[in-house]
Amino acid sequence: MRRNLGRVWQPLLAVISALFGLYMVMKIYVAGQPSLALGCMAVLGIGIYVYTSGRAYAYRYLFPGMLAAAVFVLLPLIYTFAIGFTNYSSKNLLSYERARQYFLEETYQVEGDSYAFSLHDDGNAYRIRLERPDGKVFATAPLALKKPEPLTVEAKELAKTDAALSATELQTPQLVPLLPALKKVTVTLPDTQQATLSGLREFAPVRLLYKANADGSLTNQQDGTVIRADQQTGFFTKANGEALQPGFKVGVGFDNYKRIFTEPTFREPFIRIFIWTVAFAGLTVVFTFAVGVVLAVLLNWEALRFRAFYRVMLFLPYAVPGFISILVFKGLFSENSGEINAMLKALFGISPHWFSDPWLARSMLLIVNTWLGYPYMMVLCMGLIKAIPSDLYEASAIAGAGPLTNFFKITLPLIAKPITPLLISAFAFNFNNFVLIALLTGGRPDFIDTTVPAGETDLLVSYTYRIAFEDSGQQFGLAAAISTVIFIMVAILSIVNLRLTKVNQQEAR
Amino acid sequence: MAVVLDKSHRWRVIAAHVFLLAFIAAIIFPFLMIISISLRPGNYAVGELIPSEISLEHWKLALGISYQGLDGQLVEPQFPVLLWLWNSIKIAAMSAAIGLLLSTTCAYAFARMQFKGKRMMMNSLLLMQMFPSVLALVAIYAIFDRIGSHVPALGIDTHGGLVLAYTGGIALHIWTIKGYFDTIPVEIEEAAKVDGATPFQAFRYVLLPMALPILMVVFLLAFIQGIIEYPIASVLLHEKDNLTLAVGAKQFLYPQHYRWGDFAAAAILSGLPITAVFLLAQKWMISGLTAGGVKG
C-alpha cells in the first residue's frame, strides 16, 4: 500500500515542483531579466533531468547541496570578480534600462488648473482625494504610503457626496509624516492627465519630462535639451557634458584596479593598510603560537595535577562567542569609563588612549586577538606533542638535559613541520579577521591625510567593507576589485599550504 | 620517565601551578569583571570588582522588564535582547537543519556511490571553503537584493534570506559526515539491498540511524556557526527587530548611547547558553578543528 502511494505522489510532486519552477521562471522573464530567467531555466532543466532519469541517480542526492553551495558560495565569488570590472555604486545602481525608464517616468508641473487635495484614512491605508475646480471629485484606491518610492496610481471619479471619504480626512499633523511618500506619488486621472503634490493641500497637473527619440537619446520637453546615455561613464549627459542622476551600471574594464594601484589617493592608504594587515596576521600567529605551545607543554607534563581543570579553564576564551568577548573588551578598554584604565590609573596614574592613539589601538587589537586565539593553538599543539615518542625525553633525561633544552631541541623541532600548514591557515584567517576589527575599533582612528575612509587599524577586508557599505558613495565596484586582490593573496597562501601539507604527508609515509 | 626526582623538580611543579593559576586569573578577569558590572547600578560608574551595592536594573532590562529609576522615571528596555536571542536561535537552528539535510545526502553519494566528477566535486568544495564569505559581501548583498525583488520573503532584511545565505557553507560538513560514513562497514547496507531495499531505503533506514552521533555533532557545529556569524548578517539585516544577537549586541556600546551595564547583563544572558553548548560539543569539535577549521 505504502509503495503504491509512493508511486502516485512522487510523480505528482515532481510535476507540481516543475510547474512551480516554470511559473517562477516566467515571472522573472516578465520582470525583464532574461539572463536570470535563462539561468533559472537551466537549473530547472538539470533538476528535472536528475530526478527523472535513472542514469543520474547518484546526482539526486547531490543536487540540492551542490546547488546551494554553487549559488551561495561559488556564485558570490564569481560575481565579486564581475562587479570589480563595473562602476556599480550608489551613483550607478540601476541597469541601463531601469535608469532610462526612470527618466521617461519623470514629470514636471505645467500651467493649468490645480486640484484641491485631501488624504483620507482607510483602516491601515490612505486614499488620495482630488477635487477639480469644476467640482468633479476623484479618489485613488487605498495606498500604504510607507516608503518614499515612485508610484503611479489611477484615480476614479466619485460622486461628490461620498460620505465614506469625507468623514475621515487627515489633519495637517497626521499628514506631515506622510509627505515624503506622497511627494513620490503620481496620480493618473480618467482623462489621462497626471498630477503630483504641489502644496500641502494641492495637486498640480504634470507632463512627462522626457520624450524618447529614435536614436535612443531623450528630449527634455520643458527646456528642449537633449540627453544621451554615455556608455563609458554610465550616466545620461547633456550636450555640455553635465551628468544626470541616476547613473547606470557599465563595465569599466580595469579602471578600478588602476585606481587602487596608480591613483595616489587610493594607492597610499592601500599600501599602509596592506602592511598593517600582514603585520597583524603575522604577529597574531606568533603570539598565539608562543602562548599556546608553552601552555600545551605544561598541560602535557604528567607530573602536574589538576590538568583537566586547567585545560577547561584555559579553553574558555575559545568557547565564549567571539562577538560577545570582543565587545566585552571594547567596554573594558574604553578610555573614560573602562575598567582597565581605571586600574591603570589607580596603579600607575596613567590612562592610555586605547582607541585614539594608532599604536595603542594596534597593541590592543593584538592583545585581544591573542586572548581569543591562543586556545586554538594550545589544542593543536597538545595533540602534536602527545604524538612525540616519550623515549626521546627519557634519553635526554639520561643525558642530563633540562626542560628548556628539551623544549628547544626536541619538542619545537618535532612539531614545527606538522604545524606549519596550520599556522599558515591561521595567518590566512587573521588576514581576513573582519569581525574583530568591525566590533572592536571599526578601523579607527582614521587616517587624517587621506580622502577615502580608511583607518590606522583597518585590515584590507574591513577597508573593503567601509568602501562598500559605510562610505557615502557605496563604491561596490571598487570594493569588489579590492576583494578580488585579497582573493588572489588568499589563493596563493592556500596553494603554498596545500604543497606543504602534501610534502608532510609524503614524508609521513 | 626518569624515576629519580630531585628537589628542583618539585619546585618546578609548584612554579608551574603558580604560573597557570596566575595566567588563568588574568584570562578570566574579563568574565569576572562583566559579572560585577552587570550587578552594579548605573551605566557609567567605574567601580570595584565586588560591587558594594547590588542592583538588578540591568538584568531587568535584559529580560525586557521595565523598572522605576532613581528619579522616579520609568526606564524601559532600549533593545529587544530576548527577541535578538530568539532571532539568532531561530536562524541558526533553521540553517543548521537545512544544512544538515543537504550535507548528509551529499555525503552519502560521495561515500557510497560511483559517478562522474566525484573527485573534482569534492576537491572544489574544499577549495571554495578556503575563501571566506567576508570577501564576497558585496556580491551577496547584490544577489539577495535581486532575489528579494522576485521573492520578497527571501530578500534583504529577511530571516529567510539569511538562512538561505548560510546553507551554502556546507562543504566542511559534507567532508566530516563523509569521513564518518567511510568508517561504517558497507556490508550492512549491502545485506539490506539483497533483502530488496532501494538505495534510498538503505540510506534512510540502515545508514542514518548508525550515523546519528556525527549528525548531532554537525548540527551543533552548524548551529554555533549560525549564532556567531557576523559579517553576512550585518549586511543583510537592518531593522532593529530583525537583528540577530551578533549584530545587535554592538549597539549597546555606541558612544552616543553607551549602555555598559545593560550590555554586561545581556552578554551574560546570551553568552552563557551558547558557551555551554560549545563546551558540550568541544569534545567532538577538536577532531574537526585539527582537520582544518580555524577560529582566532
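Residues numbered from 1 in each chain as written. Chains lettered and ligands numbered in written order. Predicted model: local features only at pLDDT ≥ 70, side-chain atom pairs only at ≥ 80, totals over all residues. Heavy atoms only, no water.

The name given to chain B in an unreviewed UniProt entry is Maltose/maltodextrin transport system permease protein MalG, with Parachitinimonas caeni as the source organism. Here chain B is described in UniProt, under the heading Subcellular location (unreviewed entry), as follows: "Cell membrane". What UniProt states about chain B under its Sequence similarities (unreviewed entry) heading is, verbatim, "Belongs to the binding-protein-dependent transport system permease family. MalFG subfamily." (UniProt positions renumbered as here; feature names shortened; annotations may be inferred.)

Taking an unreviewed UniProt entry as the reference, chain A is identified by name as Maltose/maltodextrin transport system permease protein belonging to Parachitinimonas caeni. On record in UniProt, under Subunit (unreviewed entry), the comment for chain A is "The complex is composed of two ATP-binding proteins (MalK), two transmembrane proteins (MalG and MalF) and a solute-binding protein (MalE)."

Undergrad: Residues and numbers for the overall build of chain A, please.
TA: Scanning chain A for helices and strands turns up 18 helices and 13 strands. At 33 Å, chain A has a C-alpha radius of gyration far larger than the 23 Å of a compact globule built from 509 residues. Considering only C-alpha atoms, chain A reaches an extent of 115 × 80 × 50 Å along its principal axes. Per-residue burial for chain A yields a buried fraction of 47% across its 509 residues. Considering only contacts in chain A between residues 6 or more positions apart, those separated by 24 or more positions represent 59%. (Helix = DSSP H or I, 4+ residues; strand = E, 2+ residues; numbered from the N terminus. Rg over C-alpha atoms; globule rule 2.2 N^0.38 Å. Buried < 20%, exposed > 50% of the residue type's maximum accessible area, 1.4 Å probe, protein only. Contact = heavy atoms within 4.5 Å.)

Undergrad: So, helix H7 (residues 171-183) of chain B: which residues are in play, and what are the values?
TA: For H7(B), spanning 13 residues, the distance from its first C-alpha to its last is 19 Å, which sits close to the expected 18 Å at 1.5 Å a residue. If you follow the buried residues of H7(B), they end up packed against helix H3 (57-83) of chain A together with helix H3 (81-112), helix H4 (118-129), helix H9 (199-210) and helix H10 (212-228) of chain B. (Expected span 1.5 Å × (residues − 1).)

Undergrad: Any chance you could break down the sheet that holds strand E10 (residues 218-220) of chain A for me, citing the residues and the numbers?
TA: All names here are of chain A. Taking strand neighbours across the sheet as the criterion, the 5 strands line up as E9-E10-E11-E12-E13 in an open arrangement whose pairing is antiparallel. Unpaired on one side and paired on the other, strand E9 (210-212) and strand E13 (243-244) mark the two borders of the sheet. Sheet topology places strand E11 (residues 226-230) next to strand E12 (residues 235-237); 3 bridges connect them, and they run antiparallel. Bridge pairing links alanine 229 to phenylalanine 236 in E12. Together, E9, E10, E11, E12 and E13 form the strand contacts of helix H4 (residues 96-105), whose direction differs from that of E9 by roughly 125 degrees. (Pairing = 2+ DSSP bridges. Axes fitted to C-alpha atoms, helices over the stretch in contact; angles between N-to-C directions.)

Undergrad: Please give an account of the packing of helix H13 (residues 358-386) of chain A against helix H15 (residues 403-431) of chain A that cites residues and values.
TA: Residues and elements named next belong to chain A. Running from N to C, H13 and H15 point in directions that differ by 145 degrees, and their axes come no closer than 10 Å. At the point where H13 passes H15, the crossing takes the right-handed sense. Contact residues: H13 offers Asn369, Tyr376, Met377, Leu380, Cys381, Leu384 and Ile385, while H15 offers Thr411, Ile415, Pro418, Ile419, Leu422, Leu423, Ala426 and Asn430. Broken down by class, the residue content of the contact of H13 with H15 amounts to 12 nonpolar, 3 polar and no charged. (Left-handed = near helix turned anticlockwise from the far one by under 90°. Nonpolar A, V, L, I, M, F, W, Y, C, P; charged D, E, K, R; others polar.)

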